[in-house]
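# Understanding the architecture of this molecule
Each chain, written out:
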Amino acid sequence: MSLRIVVTVKYVPDATGDRHFADDLTVDRDDVDGLLSELDEYAVEQALQISENSDDDVEVTVLTVGPEDAKDALRKALSMGADKAIHVEDDDLHGTDAIGTSLVLAKAIEKAGYDLVVSGMASTDGTMGVVPALVAERLGVPQVSLLSEVSVEDGIVKGRRDGDTASEQLEASLPAVVSVTDQSGEARYPSFKGIMAAKKKPVQSWDLSDLDIEADEVGLEGAWTKVESATARPARTAGTIVKDEGEGGKQLAEFLAGQKFI
């Protein structure tokens, strides 16, 4: 038997960089370095572990929707051990929201062929966490979300979801969509051999026409959600220095009370 796993990944702005909005109030991705979303690394890791622990012939495909630079995210996933990659790139995708993204991902997943879709719990830029559920709805398959443990056996995907007060054991018949949390296991670091091998692995490039999607279904014009306004965070001001000349304790208490900390 064979098992086709598609891992959805996202190329996001580096959280340590100076992130801000562009003039059209979309995230400015040109003035900050990007990378594979850290939360998606856990999804890649779990897909690879399923492959390594399976007696079936498993193929792991990583899929992203994004600009030209998004190939860097795919190369990172390929260097971790994924078999091949798909990059959906189109100028008309600029400004696409979560609902539009789920449409593109679902169409690409269907075109690629799949038995299991694995996603991170959220992206580190939008942090909405809704795309896996939206993709499952569009595909018409069950979804098992926020898993800290996942496995596949005999056409069934099983996993554990940890909550604040209890843990649930969940399962679904394939095909299915799952999302994994950052508690699912540390993602492996690409080896030099893996990095070199990634350069030879196939990366397919598709645009909207390849997926039979019209431009007005995605992008800013097709978005169901948008940012109406944004104000830059004010620059940090110098802190208050309390000099202890016998009244330091009193001044500190007054400062804390003024800030409503006490």
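Data block above holds the structure.
Now for a description of the structure that goes with this document. (Residues numbered from 1 in each chain as written. Predicted model: local features only at pLDDT ≥ 70, side-chain atom pairs only at ≥ 80, totals over all residues. Heavy atoms only, no water.)

## What to know about the overall build of the protein
- Check the secondary structure of the protein and you find seven helices and twelve strands.
- Counting only residues that meet the buried cut, the protein has 38% of its 262 residues in that class.
- Of the contacts made within the protein by residues no fewer than 6 positions apart, 70% connect residues no fewer than 24 positions apart.
- When the accessible surface of the protein is summed, it comes to about 15,500 Å², and 47% of that surface belongs to carbon and sulfur atoms.
- If the 25 positive side-chain charges of the protein are averaged to one point and the 51 negative ones to another, these points end up 4 Å apart. (Helix = DSSP H or I, 4+ residues; strand = E, 2+ residues; numbered from the N terminus. Buried < 20%, exposed > 50% of the residue type's maximum accessible area, 1.4 Å probe, protein only. Contact = heavy atoms within 4.5 Å. Areas by Shrake-Rupley, 256 points an atom, 1.4 Å probe, with all protein chains shown as cover. Lys, Arg positive; Asp, Glu negative; His and termini not counted. Charge placed at Lys NZ, Arg CZ, Asp CG, Glu CD.)

## A word on the sheet that holds strand 7 (residues 143-147)
- What the seven strands build is an open sheet, ordered 7-11-6-1-4-5-12; its pairing is parallel. Across the chains shown, the open sheet's two edge strands, defined by having one partner strand only, are strand 7 and strand 12 (203-206). Taken pair by pair, the neighbouring strands of this sheet meet at an average axis angle of 20 degrees, ignoring direction.
- In the sheet, strand 5 (residues 84-88) pairs with strand 12 via four bridges, with the strands oriented parallel. Considered in strand 12, the bridge of Val88 is made with Trp206.
- Lying on the sheet, helix 1 (residues 38-52) is in contact with strand 1 (2-8), strand 4 (57-65), strand 6 (116-120) and strand 11 (176-180); it crosses strand 1 at an angle near 170 degrees.
- Contacts between helix 4 (residues 131-139) and the sheet are confined to strand 6, strand 7 and strand 11, with strand 11 contributing the most and set at about 175 degrees to the helix. (Pairing = 2+ DSSP bridges. Axes fitted to C-alpha atoms, helices over the stretch in contact; angles between N-to-C directions.)

## Thoughts on the pattern of salt bridges
- Under the counting rule described, the total for this entry stands at ten salt bridges.
- The shortest N-O distance in the salt bridge between Lys71 and Glu68 comes to 3.7 Å.
- Classification of Lys71 as partly exposed rests on a relative accessible area of 22%.
- Classification of Glu68 by relative accessible area gives partly exposed; the value is 45%.
- For Glu149, the salt bridge identified is with Arg160, shortest N-O distance 3.0 Å. One end of the pair, Glu149, is in strand 8 (residues 149-153); the other, Arg160, is in strand 9 (residues 156-162), with eleven residues separating them in the sequence.
- Of the residues examined, Arg160 reaches a relative accessible area of 22% and is grouped as partly exposed. (Salt bridge = Lys/Arg side-chain N within 4 Å of Asp/Glu carboxyl O.)

## Some points on a nonpolar patch on the surface
- Residues Phe21, Val27 and Val227 make up a contiguous nonpolar surface patch of about 210 Å² in total accessible area.
- In this fold, Phe21 is placed in the loop between strand 2 (11-13) and strand 3 (34-36). (Patch = residues over 30% accessible without salt bridge, like charges linked within 9 Å, V, L, I, M, F, W, Y side chains within 5 Å.)

## Some details on a negative patch on the surface
- There is a patch of like negative charges on the surface, built from Asp55, Asp56, Asp57, Asp83, Glu153 and Asp154.
- Within the secondary structure layout, Asp55 lies in the loop between helix 1 and strand 4.
- By relative accessible area, which is 83% here, Asp55 ends up exposed.

## Some words on the packing of helix 1 against helix 2 (residues 71-80)
- The contact between helix 1 and helix 2 brings their axes to 10 Å, and the two run at 30 degrees. As for how helix 1 packs across helix 2, the hand of that crossing is right-handed. For the pair helix 1 and helix 2, contact is made by Glu41, Val44, Glu45 and Leu48 and by Lys76, Ala77 and Met80, respectively.
- Its residues placed into classes, the contact of helix 1 with helix 2 shows four nonpolar, no polar and three charged. (Left-handed = near helix turned anticlockwise from the far one by under 90°. Nonpolar A, V, L, I, M, F, W, Y, C, P; charged D, E, K, R; others polar.)

## Structural notes on the packing of helix 3 (residues 98-112) against helix 4
- Packing of helix 3 against helix 4 leaves a shortest axis separation of 9 Å and a crossing angle of 50 degrees. With respect to their mutual orientation, helix 3 and helix 4 come out oblique. The hand of the helix 3/helix 4 crossing is right-handed. Between helix 3 and helix 4, the residues in contact are Ala98, Ile99, Ser102, Leu103, Leu105, Ala106, Ile109 and Glu110 and Val131, Leu134, Val135, Arg138 and Leu139, respectively.
- Within the contact of helix 3 with helix 4, the residues separate by chemical class into ten nonpolar, one polar and two charged. (Parallel < 35°, antiparallel > 145°, perpendicular 65-115°, else oblique.)

## A closer look at the pairing of strand 1
- Burial of strand 1 is extensive: five of the seven residues sit out of reach of the surface.
- Sheet topology places strand 1 next to strand 4; seven bridges connect them, and they run parallel. Directly across from Leu3, in strand 4, lies its bridge partner Val58.
- By the bridge criterion, four bridges tie strand 1 to strand 6 in an arrangement that is parallel.

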